[in-house]
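Chain residues, written in single-letter form:
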Amino acid sequence: ICNLKALVGLELLVELRNDLSVRGVLHDCDNASNVIIKDATVEDVEGVQRQLPLVFLRGSNIRFVHIPDNVDVMQLVEDRRLMLDKAATAYMGGKGAPAPKPVPGAGTA
Amino acid sequence: MADPAPSPSPCLDFFSLDFDALAALRTEGLQPPNPRVRPLDNLNKCRRILPSDVPESLINAPVREPRSQESIAAQQRAKARTSLILEKAAERARQARVLDTIVDKLRQGPLGLLVRCYEERARIQVWTRHTHGIRGTMVGFVRAVDKHFNMVMHDVDEQYSVLRRVPRLVNKRGRVKVLQHEEETSENAILRKAEDENDSQRKEQSPDGIDALTDKIKELKLFPKLEYRRRHLKQVFLRGDSVVMVRKLV
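The sections below set out a description of the structure shown in this document. Just so we're clear, the structure is a prediction, and the values are computed from it rather than from any experiment.

Helix and strand counts for chain B come out as seven helices and six strands. Mapped in sequence order, the helices and strands of chain B form the string α-α-α-α-α-β-β-β-β-α-α-β-β. Looking at the 250 residues of chain B, the share that counts as buried comes to 28%. Considering only contacts in chain B between residues 6 or more positions apart, those separated by 24 or more positions represent 57%.

Next up on the list: the interface of chain B and chain A. Residue-level contacts link 40 residues of chain B with 43 residues of chain A. Considering only the side of chain B, the residues that lose the most area to chain A are Gln235(B), Phe237(B) and Arg239(B), jointly responsible for 22% of the buried surface there. On the surface where chain B and chain A come into contact, there are four salt bridges. With its nearest N and O atoms 3.0 Å apart, the salt bridge here joins Glu15(A) to Arg135(B). Across the contact surface, chain B and chain A share ten residue pairs in polar contact (both at pLDDT 80 or more). Residue assignment for the side of chain B that touches chain A shows that the elements contributing at least two residues are helix H3 (69-95), helix H4 (98-104), strand S2 (134-145), strand S3 (151-171) and strand S5 (218-238) of chain B. With eight residues, S5(B) is the largest single contributor of residues to the side of chain B that touches chain A. Tallied by class, residues from the side of chain B that touches chain A come to 16 nonpolar, six polar and 18 charged.

Under the defined criterion, the tally for this structure stands at 13 salt bridges over all chains. With its nearest N and O atoms 3.1 Å apart, the salt bridge here joins Lys248(B) to Glu120(B). In this pair, Lys248(B) sits in strand S6 (residues 243-249) while Glu120(B) sits in helix H5 (residues 112-120), placing the two residues 128 residues apart along the sequence. When salt bridges that share partners are traced, they join Glu15(A), Asp19(A), Arg63(A), Arg135(B), Glu158(B) and Arg231(B) into one network.

The next subject is the nonpolar core. Among the nonpolar cores identified, the biggest contains 50 residues, and Val35(A), Ile37(A), Leu57(A) and Met151(B) are the most heavily contacted of them. Sequence-distant contacts of Met151(B), that is, excluding residues within four places in its chain, are made with Leu114(B), Val126(B), Val142(B), Ala144(B), Val236(B), Phe237(B), Leu238(B), Val243(B) and Val246(B).

Residues and elements named next belong to chain A. Among the five residues of strand S5 (residues 62-66), five are classified as buried, and the element is accordingly described as predominantly covered. Here four bridges tie strand S1 (residues 11-16) to S5, and the two strands are oriented antiparallel to one another. Bridge pairing links Val 14 to Val 65 in S5.

Moving on to a nonpolar patch on the surface. Together, Ile134(B), Val244(B) and Met245(B) line one region of the surface with nonpolar side chains, adding up to about 270 Å² of accessible area. Considering the arrangement of structural elements, one finds Ile134(B) in strand S2.

Within H5(B), the full set of buried residues consists of Gly112(B), Leu114(B), Val115(B), Cys117(B) and Tyr118(B). Two residues or fewer after H5(B) comes Arg121(B), characterised by a positive phi angle close to 55°.

The rules behind each value
Residues numbered from 1 in each chain as written. Chains lettered and ligands numbered in written order. Predicted model: local features only at pLDDT ≥ 70, side-chain atom pairs only at ≥ 80, totals over all residues. Heavy atoms only, no water. Helix = DSSP H or I, 4+ residues; strand = E, 2+ residues; numbered from the N terminus. Buried < 20%, exposed > 50% of the residue type's maximum accessible area, 1.4 Å probe, protein only. Contact = heavy atoms within 4.5 Å. Buried area = accessible area lost by both parts, 1.4 Å probe. Salt bridge = Lys/Arg side-chain N within 4 Å of Asp/Glu carboxyl O. Polar contact = N/O pair within 3.5 Å; in protein donor to acceptor, adjacent residues only side chain to side chain. Nonpolar A, V, L, I, M, F, W, Y, C, P; charged D, E, K, R; others polar. Core = buried A, V, L, I, M, F, W, Y, C linked by side-chain atoms within 4.5 Å. Pairing = 2+ DSSP bridges. Patch = residues over 30% accessible without salt bridge, like charges linked within 9 Å, V, L, I, M, F, W, Y side chains within 5 Å. Areas by Shrake-Rupley, 256 points an atom, 1.4 Å probe, with all protein chains shown as cover.

Shown next as structure tokens:
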């Protein structure tokens, strides 16, 4: 989902469906919303904490992704889209952006 | 073999009139007097060292005409055209908001209600689920939606239930012994305490009093307990497979 892609690099709290919460820096994500988190702190329901340097979370197991308050998600998504458009333009040799087609990546979120 | 003698043969002497370049190239190890001078690759480079009275020298080179006004104007127009195209593309990119594009496809079906809530910035109540059963509700505003029911919500009041396994000490007969400060005690502490009690009891009792012993041994069992919690979240991304129901609040 383009939302998660826009959040790469931010420190997030990911809550799983089994009520585990993982706090760390979002390193990577993909279309299935699988997620790689660096320098993670895993916290149990009871409050037991563990530190893990690198975590891969399967997307189907995620319930929430808590975004830090000061972040404007919409702006980030738009910025990312603009950047991709610019890259597409540059790739075409600076003669103009290709006609905006509905990109499958954007549709499937 | 290299010839380091100060007086090489005339055809290999760089300064003599009989200098044979081909022979010099074929001679192994022969170094020009200044080995670091840059070679002259084409005629234009040779022009610099020619004396001025030679017709091919630099002074007699044809002067390039300054560009005419027309060509300059033509170039400006071409630049303006390309910049206009680039601006239009940027404008299109800016206007086609990604989230609106995603949402447009959902308008027809049942998600149309959600799309209207997203556009009106209405308050929503979303029911979320555990693996078995309802987890709770989230009341907040929708910032983004997609076809999987993934949502970005902000200003969310969440009321939810969590299934916890609470350790309690149980007698063999099934009597639940409630510990003091049960909620704050961690599992490990309780385990240790139970083990200590069991050990001390085994040491005291004689092997004959087994029945009395088994009555007194307390087991640590985990009981499932449903805990209700409430919290406020400023921004969340909610994955669609946890959503049960969405209700629009007026």
